[in-house]
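# Chains, contacts and geometry: an overview
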Amino acid sequence: MSTKEIILQTAMKLFLAHGYEGVSISDIVKTAKISKGGLYNYFSSKEELFFQALSQTSDEFYIVITRDFFQWDFSSFHEFYISFAGLYDEILSNRRYRLSDMLVLMINAAKIFPQLNQEIKDYTNVFRKIWCKNIEKAIRSGELKEDLSIENTTEIYLNLINGFSVNFVFEEAFQSETKTSLKREFDIMYSLIKTKER
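The shown structure was predicted, so the numbers you read here are calculated from the model rather than taken from an experiment.

### Overview of the pattern of salt bridges
Side-chain pairing between opposite charges can occur once the charged atoms of the two side chains come close. All told, the structure shown has five salt bridges when counted by the stated rule. Between Asp73 and Lys137 there is a salt bridge whose closest N-O contact spans 2.7 Å. Here the residue Asp73 occupies a position in the loop between α4 (46–71) and α5 (77–94), and Lys137 occupies one in helix α7 (residues 114–141), the gap between them amounting to 64 residues. Given a relative accessible area of 67%, Asp73 falls into the exposed group. Ionic pairing is found between Glu185 and Arg184, a salt bridge with its closest N-O pair at 3.0 Å.

Structure representation (C-alpha cells):
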C-alpha cells in the first residue's frame, strides 16, 4: 500500500471515530507513523485530506453502481432491479466502514464543505437517470403499466433505497440478526406496477 493510501485510510478511521473537528494533523501522522512533512507531501491541509478521504470512500460505492448500471442493457425492469439489489447488498456487506458512521460523517462534512453537497446531488441525479431510463424502457415494452409516472415511480424506488439504508443502519447498530432484503422491497413495489401479463 502506498504512503498516500496509508494516510487516507488512517485519516478516514480517525475521522469516523472522532469527527472532523476531533482529529488533528498530529493525530493522523502519529497513527499513520509518518512525519508531518510526509503528510504535507500529499495533502496541503487537513481539509484537503478530509475531503479526499471522504470522496474516495463514497466514490468506491457510487462508481461501482453508476459504472455497472449505465453500461448494462437489461432485458427487463425485473432483471434491472434484481441486479441492482444484489449489487447494493454486496456493497453494503463488503464495505470497510460502518454505514452508520459514514452517514453521520457525511452529514457533518456537508455542513463544512459545500462542494460535497454538489457531489451528493450529482450522484443522486445519476441514480435518478438510471432508474428513469429503465422504468421508461419497461413502460414502452409493456412490462410496466402504461399510466405510470416515470418520475414518481423513480422517486418511490429511490425512497425505498433510502429507507432500506436507514433500516440497515439500525440493524447494524443493534447487531440485529434479521436482515431486511432490498430485493424483497423491490418485489413488493414491482407487483403493484407490473402489467397483469407479467
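Having seen the structure, we can now continue with the description.
### Focus: the environment of Lys30
Position of Lys30 relative to the elements: it lies in helix α2 (residues 25–32). Lys30 gets classed as exposed once you look at its relative accessible area, which sits at 69%. Each C-alpha atom of the pair Lys30 and Thr10 lies 9.9 Å from the other, and the pair is 20 residues apart in sequence.

### Observations concerning the nonpolar core
One finds Phe77, Trp131, Leu144, Tyr157 and Phe186 to be the most contacted residues of the largest nonpolar core, which totals 28 residues. Going through the elements one at a time, α5, α7, α8 (150–173) and α9 (182–193) are the ones with two or more residues in this core. The greatest single-element share of this core, amounting to seven residues, is contributed by α5. Apart from residues lying up to four places away in sequence, Leu144 is in contact with Phe77, Ile135, Ala138, Ile139, Tyr190, Ile193, Lys194 and Thr195. Listed in part, the 26 residues of the second largest apolar core include Phe15, Tyr20, Leu39 and Leu54.

Calculation rules
Residues numbered from 1 in each chain as written. Predicted model: local features only at pLDDT ≥ 70, side-chain atom pairs only at ≥ 80, totals over all residues. Heavy atoms only, no water. Salt bridge = Lys/Arg side-chain N within 4 Å of Asp/Glu carboxyl O. Helix = DSSP H or I, 4+ residues; strand = E, 2+ residues; numbered from the N terminus. Buried < 20%, exposed > 50% of the residue type's maximum accessible area, 1.4 Å probe, protein only. Core = buried A, V, L, I, M, F, W, Y, C linked by side-chain atoms within 4.5 Å. Contact = heavy atoms within 4.5 Å.

All quantities given are derived from atomic positions and should not be read as evidence of function.
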